[in-house]
Amino acid sequence: MKLGDDSDQLKLETAERMLELIRDLGECHDARQILVAAARHFRVLFGEFLVAALAIDDPRTDHWRVLALENPYAPSWGGVSHRALPRDTDLETITHQLGKDVTGRVRNDFALNQALAQGKEPFYAADNVLSVHLAAMTNAPCRCFFGARWKRPTADAAAWLILGYASADDADQTRLPLFATTVETTSRLASYPSLVHFVDRQEKISQSIRRNIVHDLKTPITVIKGYAETLQHAEVIEDEIMRAEFVDGIVESCDRLLDEIREIIEPVEGGWRPSFAEFDLATLAHKVVMAEKHTERSRHHEIVLEGADQPLIVEADMRKIRRVMENLISNGIKYSPGMGNTVTVTIGSSDGVARVAVRDEGIGMTVDQLEKVLEEGGRVVDQSLGIEGSGFGLNSTQIVLNAHKGKLEATSQPGRGTVFVAEFPVRQTT
Ligand code: ADP
């Protein structure tokens, strides 16, 4: 094939690079790795940039986050260029070393926030206001930038891929359209792993349904066992009131067991919908706490119930809300191993929203771990602690609360403890 001019040569070079990039993408596990892989190829195509970064509009916080792919000028960004790493460094290590978040700097720059939020077209910014702001954001001696929109699978969240150069001489402005096309193609390819992730997740969900069935049946059985074992103690056998209370607990748990079995057998059409009915959340909280107190795992814990001394009438699916409380309380117990730990359950309502907060003094989670369990589900606990679990409880808790137009929130500190707050409207307006 005879090449007509420089631009044909460039197209061929680009096509070859894109093929290599596609091959590399096959080895990537997540978007961060894809970006790092892309940045390596961009250097060949678009010259010696100093900085490569992805600015992402984070709808959860309403701020732009910057994911640094390369920036040797800001140690907090990873502080290395991929060329500083040995040639055979695997992608995972490169990603670990290079991909760092720097949220703060953009958050404070209102002008830059606006420019990124409103801009749509690819840009070439050299020695102008935008380039000065971008240089401040990257903390690098860059005077010239390329930027193009990074397409995300979800249309509501925008992102920019940005390359920063030392001077305008290092960036060939005529390559901007190619840069834009390459960024668009790469970003579209990048959504492929998230599709794979989606399919994986569907598979996990169907497994989770099976596990949940086992979990749903296990809970009332554990409670029945707890009551029955306590009934064997001499002082309980003698105390008639206590005995009656425990027998009631056993009967109620048996009813629940039958309910669970009925629900599994009866086909669920069109997905699960809550069965709304009025009930007293305070009474329910007393029952759940009482039942948990009698389980083996809570023997060395104190469970304190607050805010339940007067009725709190709500309209919700009682069985499912009960499950939510049981899950959060049993997690509070499980993840605060050792003696003398307190789990505090606080119920209340304000502005038409009912809240159940469960606070423990246990092992806690890091910010990343908490984000993972809330967003992806699964387990983050250190296996060596030997704490049993399936990693599906929080997921079903969120499903239940979402179906009630509510939500699950949490804060946690490693070694200090965790607070989970389940919220749902006191009344369901149709
Ligand atoms: P599991 O069956 O594993 O307990 P969950 O879905 O209820 O599953 O919780 C998911 C993960 O979140 C747990 O495996 C654990 O790593 C973490 N987790 C949940 N609750 C707590 C808590 N109160 N304290 C610390 N970690 C927790």
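What you see is a predicted model; the values in this text were computed from it and never measured.

Parameters and conventions
Residues numbered from 1 in each chain as written. Predicted model: local features only at pLDDT ≥ 70, side-chain atom pairs only at ≥ 80, totals over all residues. Heavy atoms only, no water. Helix = DSSP H or I, 4+ residues; strand = E, 2+ residues; numbered from the N terminus. Buried < 20%, exposed > 50% of the residue type's maximum accessible area, 1.4 Å probe, protein only. Polar contact = N/O pair within 3.5 Å; in protein donor to acceptor, adjacent residues only side chain to side chain. Contact = heavy atoms within 4.5 Å. Near = heavy atom within 4 Å. Salt bridge = Lys/Arg side-chain N within 4 Å of Asp/Glu carboxyl O. Pairing = 2+ DSSP bridges. Axes fitted to C-alpha atoms, helices over the stretch in contact; angles between N-to-C directions. Phe/Tyr/Trp six-rings, centres within 6.5 Å; stacked < 30°, edge-to-face > 60°. Parallel < 35°, antiparallel > 145°, perpendicular 65-115°, else oblique. Left-handed = near helix turned anticlockwise from the far one by under 90°. Nonpolar A, V, L, I, M, F, W, Y, C, P; charged D, E, K, R; others polar.

Chemist: Teacher, can you tell me more about the side chain of H301 here?
Modeler: Position of H301 relative to the elements: it lies in strand β8 (residues 301–306). The exposure class of H301 is buried, given its relative accessible area of 13%. Side-chain polar atoms of H301 contact the backbone oxygen of S336, separated by 2.7 Å. Beyond its immediate stretch of four places on either side in the chain, H301 contacts I333, S336, G338 and N341.

Chemist: Help me out: how do you make sense of the environment of D351 in this one?
Modeler: Tracing the chain through its elements places D351 in the loop between β10 (341–350) and β11 (353–360). Along the chain, D351 and P425 lie 74 residues apart, while their C-alpha atoms are 8.9 Å from each other.

Chemist: Would you mind going over the site of the ligand with me for this structure?
Modeler: Close contacts around the ligand come from 20 residues, with N331, Y335, R379, S390 and L394 the closest. A distance of 2.9 Å separates an oxygen atom of the ligand from a polar backbone atom of G393. Looking at the shell around the ligand, the elements that each hand over two or more residues are α11 (318–334), α13 (393–403) and β13 (417–425). Of all the elements, α11 adds the most residues to the shell around the ligand, at three residues.

Chemist: Would you explain the pattern of salt bridges in this entry?
Modeler: Two side chains bearing opposite charge may form a pair once their charged atoms approach each other closely. Taken as a whole, this structure holds 15 salt bridges when the rule is applied. Note that E252 and K287 form a salt bridge whose closest N and O atoms lie 3.7 Å from each other. Of this pair, E252 sits in helix α9 (residues 240–265) while K287 sits in helix α10 (residues 281–293); the two residues are 35 residues apart in sequence, bridging distant segments of the chain. Residue E252 is classed as partly exposed on the basis of its relative accessible area, which comes to 28%.

Chemist: Sorry, what's going on with the sheet that holds β8 here?
Modeler: The pairing of strands in a sheet comes from backbone hydrogen bonds and takes either a parallel or an antiparallel form. Taken in spatial order, the five strands line up as β8-β10-β11-β13-β12 in an open sheet, and their pairing is mixed. Bordering the open sheet on either side are β8 and β12 (407–413), each of which pairs with just one other strand. Across this sheet, the average inter-strand angle for adjacent strands is 15°, counted without regard to direction. Relative to β13, β12 runs antiparallel, the two sharing seven bridges.

Chemist: What is the right way to read the packing of aromatic side chains from this model?
Modeler: By convention here, two paired aromatic rings are described through the distance between centres and the angle between planes. Across all of its chains, the model carries nine aromatic pairs by this definition. Relative to W160, the ring of F123 lies with its centre 5.3 Å away and its plane at 50°, an arrangement referred to as tilted. Placement of the pair is F123 in strand β4 (residues 123–126) and W160 in strand β6 (residues 159–165), with a sequence separation of 37 residues. A relative accessible area of 13% means that F123 is categorised as buried. Exposure remark for W160: the relative accessible area of 1% places this residue in the buried category.

Chemist: Quick question: what am I supposed to make of the packing of α10 against α11 here?
Modeler: Angle between the axes and distance between the axes: these two values describe a pair of packed helices. In the contact formed by α10 and α11, the axes pass within 10 Å of each other and the chain directions differ by 45°. What the angle tells us is that α10 and α11 run oblique. The element α10 and its partner α11 pack so that their crossing is right-handed. The residues of α11 that touch α10, namely those facing L281, L284, A285, K287, V288, V289 and E292, are M318, I321, R322, M325, E326, I329, S330 and I333. Classifying every residue of the contact of α10 with α11 by side-chain character gives ten nonpolar, one polar and four charged.

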